[in-house]
Amino acid sequence: MWLTVLLVVVFGISVFLGRYPTPGFMSLERLTTDEMARSLVFNLRLPRLLTAVLLGMSLAAAGAVFQMIFGNPLVEPGFLGVSQGASFGAAFSIIFLSTSAWAVQVSAALFAFLGLGLSYLLARRVRYGGWVLRLVLAGIAVSALFSSGVGVLKYIADPLSQLPEITFWLLGSLTSLTWPQFWAILPAVVVGLLVAFQMRWRINLLSLNDETAFSLGAAPGRERTLLLVAAVIATSAVISVAGMVSWVGLIIPHIARRLFGADARYVLPASMLIGAIFAVLCDDLARALFPGEIPLGILTSLIGAAIFMVLMMRPQAAVER
Amino acid sequence: MSATPLLQFEQLRFGYPQTARPVLQDFHLEIAPGTVTAILGPNGAGKTTLLHLALGWLQPQAGLIRLERQPVASYSRRALGQWLGLVPQSEHIAFEYSLLEFVLLGRAPYLPSLAMPEKADYEIAQSALEQVGLAALQHRSILSLSGGERQLVLIARALAQQPRLLLLDEPTSHLDLGNKGRLVHLLRELQGRGVTILFTTHEPEVAAALATHLVLMQKGQVLKTGLLAEVFTAHDLTRLYQLPVSVVDLDGRKVALWT
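Residues numbered from 1 in each chain as written. Chains lettered and ligands numbered in written order. Predicted model: local features only at pLDDT ≥ 70, side-chain atom pairs only at ≥ 80, totals over all residues. Heavy atoms only, no water.

Caption draft 1: View of the overall build of chain A. Looking only at helices and strands, chain A has 14 helices and two strands in total. The dimensions of chain A, computed from C-alpha atoms along their principal axes, are 65 × 50 × 35 Å. Considering only contacts within chain A whose residues lie at least 6 apart along the sequence, 73% involve residues at least 24 apart. Within chain A, one finds 20 positive and 14 negative side-chain charges whose respective centroids are separated by 8 Å. (Helix = DSSP H or I, 4+ residues; strand = E, 2+ residues; numbered from the N terminus. Contact = heavy atoms within 4.5 Å. Lys, Arg positive; Asp, Glu negative; His and termini not counted. Charge placed at Lys NZ, Arg CZ, Asp CG, Glu CD.)

Right, here's the structure in full:
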């Protein structure tokens with residue numbers, strides 16, 4: 001598909017783009033002669049760009065999966081308390097445990113799953129409505145709980161050392177990302193994305209009403225849960241190293257559907273590729289535009305929100321509910 | 001009924017957890033293979049619930065449902081999907097599937113979990129769209145269709161499923177007169193190919209035009225069941241709807257009128 005080619009091209013250009021030695025592109029000649037340039041490209045830029053690819057793929061794929069299995073195009077991975085749980089976990093670690101990258105990441109991933117688990121348990125106990133409605137309600141409640149928790153943590157945080165760190169994490173960034181971090185999240189991302197990718201046609205069935213999906217031989221509850229866990233494994237892994245990068249999961253599947261129709265057989269792989277391209281481009285801007293870095297989450301929100309407005313104003317964007 | 005029943009409901013009791021009164025109670029019914037059975041009954045009689053029970057989607061609190069003598073619960077989901085097709089009354093569709101992509105989903109029970117539909121599946125889906133007269137629109141978005149056309153697409157999806165027992169929940173509720181007639185012909189043709197059909201309806205004429213057997217359902221119980229000619233009477237329909245109904249014979253077809 002032409003998107004794959006585009007991703008490779010964007011990636012290739014991004015390797016040479018940056019602020020060393022001067023803002024703009026680095027020449028191939030410099031890469032072969034300058035020791036400093038080589039070290040920069042291979043030890044800093046490459047892991048960072050590859051992580052941006054994983055980040056964009058995971059968030060966009062998880063967004064596509066969430067939208068399909070909840071039969072609602074306005075849902076995103078931050079939905080079932082996952083993102084808020086991860087933020088809480090990170091802030092919690094920064095204040096009470098350790099500010100080391102590892103502690104923050106593990107804590108964020110754990111709380112992301114805790115958010116999902118709480119939403120799930122709460123949804124099972126809600127007394128009315130269909131399963132999807134109950135999950136949505138539970139997700140809203142759990143997200144609110146965790147975000148007020150984040151508020152409390154910010155309030156008690158040391159304003160000089162801890163608060164900036166929390167804020168920085170909440171804004172999302174790929175700054176100072178290294179190979180070990182990339183390798184650490186790679187397995188989780190690959191597993192999560194592979195499960196979703198293999199089920200890409202079946203996801204269509206799960207976008208239908210429960211009884212219809214059942215009548216077509218699916219196990220709606222079990223298969224949705226499997227996909228949900230796969231999506232959250234991939235997302236919590238990338239969130240744990242990159243912080244909160246919002247809007248990718250909501251916007252990218254919309255663009256993919258605009259290009260390829262509704263069938264998840266095409267929407268899911270297209271979302272992964274477009275998500276990767278989007279994340280790499282945003283990260284290019286984040287690191288090359290100004291001498292000081294712009295947090296990635298700010299850029300994705302800014303650009304994502306702008307694209308969303310344009311999408312909404314286009315006539316075919318009508319969403320039926 | 002002489003032959004081995006295809007589908008049996010035995011002393012069924014079912015209630016939804018939120019409501020005190022059971023939806024179905026002491027429900028007993030047998031469907032013979034190759035028949036077309038219409039279920040008539042006032043709103044809230046439990047017709048849709050009955051279809052969901054037959055499907056295996058809902059489980060009865062008491063009693064048993066058998067499919068060719070075996071309990072429905074003993075079939076795998078995939079086997080049930082090949083056995084039974086459901087045409088819901090309407091369906092929430094959130095995404096802009098093309099008609100072909102949507103009808104193709106009917107092939108799911110025949111495909112392993114991770115497989116993609118193949119050429120043969122596409123051909124079956126296309127022929128299903130032809131049968132409901134929508135082949136020309138196969139690349140159009142399903143959300144651009146009218147309510148009646150969407151109902152035909154739901155029927156096409158069930159046709160692509162190639163079930164032996166077809167369950168339809170008020171299949172004519174959104175159809176205009178022409179499409180209603182076409183659907184009746186289509187379902188008769190399916191019966192000719194050996195498909196057993198069970199459908200609910202609020203339109204006695206549709207039942208009279210299509211069904212071989214009739215079930216009158218009231219408050220979760222069978223009021224009367226039997227051959228169409230025995231049950232489609234002014235007396236029984238009046239009892240069912242609790243409103244004076246007369247039955248008129250028009251060139252061999254029966255029509256129910258309220259008076």
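Caption draft 2: Layout of the side chain of Thr196 of chain B. Residues and elements named next belong to chain B. Along the chain, Thr196 turns up in strand 8 (residues 196-201). A distance of 2.9 Å separates a polar atom in the side chain of Thr196 from the backbone nitrogen of Gly34. With near-sequence residues (within four places) excluded, Thr196 lies in contact with Leu6, Ile31, Ala32, Pro33, Gly34, Thr35, Arg164, Leu165 and Leu166. (Polar contact = N/O pair within 3.5 Å; in protein donor to acceptor, adjacent residues only side chain to side chain.)

Caption draft 3: Region of interest: the packing of aromatic side chains. Evaluated as defined, the whole model comprises 17 aromatic pairs over all chains. When the ring of Phe92 of chain A is compared with that of Phe111 of chain A, the centres are 5.7 Å apart and the planes differ by 50°; the resulting orientation is tilted. Here Phe92 of chain A, found in helix 4 (residues 82-97), pairs with Phe111 of chain A, found in helix 5 (residues 101-125); they are 19 residues apart in sequence, far enough to count as distant. Taken together, a centroid distance of 6.0 Å and an interplanar angle of 20° make the contact between Trp179 of chain A and Trp183 of chain A stacked. One end of the pair is Trp179 of chain A and the other is Trp183 of chain A, both in helix 8 (residues 179-198) and four residues apart, which spans about a single turn. Relative accessible area serves as the criterion here: at 52%, Trp183 of chain A is assigned to the exposed category. Through a chain of ring-to-ring contacts, three or more aromatic side chains come together here, namely Phe88, Phe92, Phe96, Phe111 and Phe146 of chain A. The lysine or arginine in question, Arg200 of chain A, covers the ring of Phe197 of chain A, its NZ or CZ lying 4.0 Å from the ring centre. Residue placement shows Arg107 of chain B over the ring face of Tyr110 of chain B; its charged tip is 4.4 Å from the ring centre. (Phe/Tyr/Trp six-rings, centres within 6.5 Å; stacked < 30°, edge-to-face > 60°. Buried < 20%, exposed > 50% of the residue type's maximum accessible area, 1.4 Å probe, protein only. Lys NZ or Arg CZ within 6 Å of the ring centre and 35° of its normal.)

Caption draft 4: Expanded view of the sheet that holds strand 2 (residues 24-31) of chain B. Residue and element names in this part refer to chain B. The antiparallel open sheet is built from four strands, whose spatial order is 2-1-4-5. Each edge of the open sheet is held by one strand with a lone partner, namely strand 2 and strand 5 (70-71). Looking at chain direction, strand 1 (residues 7-14) and strand 2 are connected through five bridges and run antiparallel. Looking across to strand 2, one finds that Leu7 is bridged to Ile31. Those strands touched by helix 1 (residues 47-55) are strand 1, strand 2 and strand 4 (62-67), and its axis lies near 120° from that of strand 1. (Pairing = 2+ DSSP bridges. Axes fitted to C-alpha atoms, helices over the stretch in contact; angles between N-to-C directions.)

Caption draft 5: Seen up close, the pattern of salt bridges. Here the structure, examined in full by the defined rule, presents 16 salt bridges over all chains. Here Arg287 of chain A and Asp284 of chain A are joined by a salt bridge, their closest N and O atoms 2.9 Å apart. Of this pair, Arg287 of chain A and Asp284 of chain A both sit in helix 13 (residues 264-288), separated by three residues, roughly a single helical turn. In this structure Arg287 of chain A comes out as buried when scored by relative accessible area, which is 10%. On the accessibility criterion, Asp284 of chain A (7% relative accessible area) is buried. Where Arg164 of chain B meets Glu68 of chain B, a salt bridge forms, and the shortest distance between an N and an O atom there is 3.3 Å. One end of the pair, Arg164 of chain B, is in the loop between helix 5 (147-160) and strand 7 (165-169); the other, Glu68 of chain B, is in the loop between strand 4 and strand 5, with 96 residues separating them in the sequence. (Salt bridge = Lys/Arg side-chain N within 4 Å of Asp/Glu carboxyl O.)

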